[in-house]
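Residues per chain, in single letters:
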Amino acid sequence: MAFRAEIDDFGAFYEATYRTAFRTAFGILGDRGLADDVVQDAFVSAYRDRDRFRGDAPARAWFLRIMVNRAISSVRGPRPKVVTLDVATAPDPADPDDSPARIAASLTLQEALRPFAPRARAAAVLRCLHYLAYAAIRGSRGQSAPP
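Values in this document were obtained by computation on a predicted structure and should not be read as measured data.

K.L.:
Describe in detail the overall build of the protein chain, supporting the description with residues and values.
P.N.:
Along the protein chain, the regular secondary structure elements total 6 helices and 0 strands. Taken from the N to the C terminus, the helices and strands of the protein chain come in the order α-α-α-α-α-α. Burial statistics for the protein chain: of 147 residues in total, 43% are counted as buried. Taking contacts inside the protein chain between residues at least 6 apart in sequence as the whole, the part at least 24 apart equals 69%.

K.L.:
Can you lay out helix H3 (residues 59–74) for me, pointing to particular residues and giving the numbers?
P.N.:
Over its 16 residues, H3 runs 23 Å from end to end, which matches the ideal 22 Å to within 8%, given 1.5 Å per residue. Inspection of H3 places Ala59, Arg60, Trp62, Phe63, Leu64, Ile66, Met67, Val68, Ala71 and Ile72 among the buried residues, and these make up the whole buried set. The elements touched by buried residues of H3 are helix H1 (10–29), helix H2 (32–48) and helix H5 (118–128).

K.L.:
Explain the packing of aromatic side chains residue by residue, including any values.
P.N.:
Applying the stated rule across the entire model yields 12 aromatic pairs. Relative to Phe13, the ring of Phe10 has its centre 5.5 Å away and its plane inclined at 50°; by these criteria the two rings are tilted. Of this pair, Phe10 and Phe13 both sit in helix H1, 3 residues apart, which is roughly one turn of the helix. Each member of the pair, Phe10 as well as Phe13, is classed as buried.

K.L.:
Help me get a handle on the nonpolar core, residues and values and all.
P.N.:
Grouped together as the largest cluster of nonpolar side chains are 35 residues, with contacts concentrated most on Leu29, Phe63 and Met67. Only H1, H2, H3 and H5 provide two or more residues apiece to this core. The biggest single contributor to this core is H3, with 9 residues.

About the criteria used
Residues numbered from 1 in each chain as written. Predicted model: local features only at pLDDT ≥ 70, side-chain atom pairs only at ≥ 80, totals over all residues. Heavy atoms only, no water. Helix = DSSP H or I, 4+ residues; strand = E, 2+ residues; numbered from the N terminus. Buried < 20%, exposed > 50% of the residue type's maximum accessible area, 1.4 Å probe, protein only. Contact = heavy atoms within 4.5 Å. Expected span 1.5 Å × (residues − 1). Phe/Tyr/Trp six-rings, centres within 6.5 Å; stacked < 30°, edge-to-face > 60°. Core = buried A, V, L, I, M, F, W, Y, C linked by side-chain atoms within 4.5 Å.

This is the structure we're talking about:
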């Protein structure tokens, strides 16, 4: 229950979490518009279900799990969506958190992950770009992820 207070002010939680969520969704999906749609949908879902959040792990990890599941679901279907990446679809380089090196790393990671299924891409993005512990990526209870 130690982390329950993190979502008491959901507006502040949204502001603090949006960029991370967008980068994660973009890393999984490779499409700016689809990533934004998935993130917004995940925030709506998290807001509706915020009373179910137990607070035994960081709210950010709880939310990212919701968002990753939405991202994976968005590409399920008989024909997987193939995405071509270029710098124009990358995260905003004007954002101080998105240095050219980080964008290049993200694009290189996208190319490397292209042949993999969405779940595998999600795990790699959460580990390589957000440095989450494997247990947090798996969704183990009681494991907290680094900020």
